[in-house]
Amino acid sequence: MNLSQFNEEIRSLDKDFLQSILDGSALLMVEDQSLGLGSSNGAFVIFWIEDEVFSSVEDLRSYLAEEAEDLHVNYYKHSPISKEYFEAKLSSLMDEYGQTAFVSQQGGMPEKTLISSNGDLLVLTEEDYTFKYGLYLNLEDNLSPKISALKAKTWLQSGAAYNDYIAVNVFRFSSIE
């Protein structure tokens, strides 16, 4: 979920939802597509009330709106994009750019690579200085475009693309400051 979407989600929280946070529920990220409620010691927690004191639902709403950017940045600093979001976004990008756009042939580089940034999956081209560090499927053999496209589809649908994304970013998401 990018920052714009996150801000919209924060603005659309209703009073009952916000009251649940005041009553002890945590604000959670749900598959990088929406916000939900849950336990503060669970996964995907964005915010829970610790030492803060809020006199009303509107105080909480104002606080969340003011802190939205920091909450968003802090969440994605230590949390990967969900598998569901990653796979849906990569599928959409493959539809847009072609399934072989993110595939390299033996010893080469692909047309495009991928990088996660602030809750979204972004496409990089050779003009981007981080292009060579982006995520892509590396084939060890030179294959026809049709076979390469099938390999890319399998890479995505088997979960291997997401596993590669996590492997590339494991230190980033597990770092403790």
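See the structure above.
Just so you know, these numbers come straight off a predicted model, no measurement behind them.

Draft legend 1. Structural view of the pairing of strand 5 (residues 113-117). Strand direction decides the pairing type here: strand 5 and strand 6 (residues 120-124), joined by 5 bridges, are antiparallel. Within strand 6, the residue paired with Ile115 across the bridge is Leu122. Linking two consecutive strands that pair antiparallel, namely strand 5 and strand 6, is a turn of 2 residues; a positive phi of about 50° is found at Asn118 within it.

Draft legend 2. Up close: the packing of helix 2 (residues 15-22) against helix 3 (residues 57-78). Contact geometry of helix 2 with helix 3 gives a least axis separation of 9 Å together with a crossing angle of 90°. In this view, helix 2 runs roughly perpendicular relative to helix 3, as classed from their interaxial angle. Mapping the contact onto sequence places Lys15, Leu18, Gln19, Ile21 and Leu22 in helix 2 and Val57, Glu58, Leu60, Arg61 and Leu64 in helix 3. Split into classes, the residues belonging to the contact of helix 2 with helix 3 amount to 6 nonpolar, 1 polar and 3 charged.

Draft legend 3. Just helix 5 (residues 145-157), in detail. Taking 1.5 Å of rise per residue, 13 residues should cover 18 Å, and helix 5 covers 18 Å from first to last C-alpha, within 8% of that figure. Among all positions of helix 5, only Ser148, Ala149, Ala152, Trp155 and Leu156 are buried. What you see down the axis of helix 5 is that its buried residues fit within an arc of 120°, all on one side. Among the exposed residues of helix 5, those pointing more than 90 degrees away from its buried face are Lys146 and Gln157. Gly159 occupies a position one or two residues after helix 5 and carries a positive phi of about 90°.

Draft legend 4. Local environment of the pattern of salt bridges. Summed over all chains, the structure comprises 4 salt bridges. Between Glu58 and Arg61 there is a salt bridge, and its shortest N-O distance comes to 3.2 Å. Placement of the pair is Glu58 and Arg61 together in helix 3, with a separation of 3 residues, close to one helical turn. Taking relative accessible area as the criterion, Glu58 reaches 39% and is therefore assigned partly exposed. Where Glu111 meets Lys112, a salt bridge forms, and the shortest distance between an N and an O atom there is 3.8 Å. Look at Lys112 and you get buried, because its relative accessible area is 12%.

Draft legend 5. Molecular detail of the side chain of Asp120. Mapped onto the elements, Asp120 comes out in strand 6. On the accessibility criterion, Asp120 (11% relative accessible area) is buried. Of note is the side chain of Asp120, whose polar atom sits 3.3 Å from the side chain of Lys89. Residues contacting Asp120, with those up to four places away along its chain left out, are Asn2, Ile81, Tyr85, Lys89 and Ile115.

Draft legend 6. Representation of the packing of helix 1 (residues 3-11) against helix 3. In the contact formed by helix 1 and helix 3, the axes pass within 10 Å of each other and the chain directions differ by 160°. By the angle between their directions, the pair helix 1 and helix 3 is classed as roughly antiparallel. For the pair helix 1 and helix 3, the crossing hand works out as right-handed. Seen from helix 1, the contacting residues are Leu3, Phe6, Asn7, Ile10 and Arg11; seen from helix 3, they are Arg61, Leu64, Ala65, Ala68, Glu69, Leu71 and His72.

Conventions and cut-offs
- Residues numbered from 1 in each chain as written.
- Predicted model: local features only at pLDDT ≥ 70, side-chain atom pairs only at ≥ 80, totals over all residues.
- Heavy atoms only, no water.
- Pairing = 2+ DSSP bridges.
- Helix = DSSP H or I, 4+ residues; strand = E, 2+ residues; numbered from the N terminus.
- Axes fitted to C-alpha atoms, helices over the stretch in contact; angles between N-to-C directions.
- Parallel < 35°, antiparallel > 145°, perpendicular 65-115°, else oblique.
- Contact = heavy atoms within 4.5 Å.
- Nonpolar A, V, L, I, M, F, W, Y, C, P; charged D, E, K, R; others polar.
- Expected span 1.5 Å × (residues − 1).
- Buried < 20%, exposed > 50% of the residue type's maximum accessible area, 1.4 Å probe, protein only.
- Arc of directions from axis to C-beta.
- Salt bridge = Lys/Arg side-chain N within 4 Å of Asp/Glu carboxyl O.
- Polar contact = N/O pair within 3.5 Å; in protein donor to acceptor, adjacent residues only side chain to side chain.
- Left-handed = near helix turned anticlockwise from the far one by under 90°.

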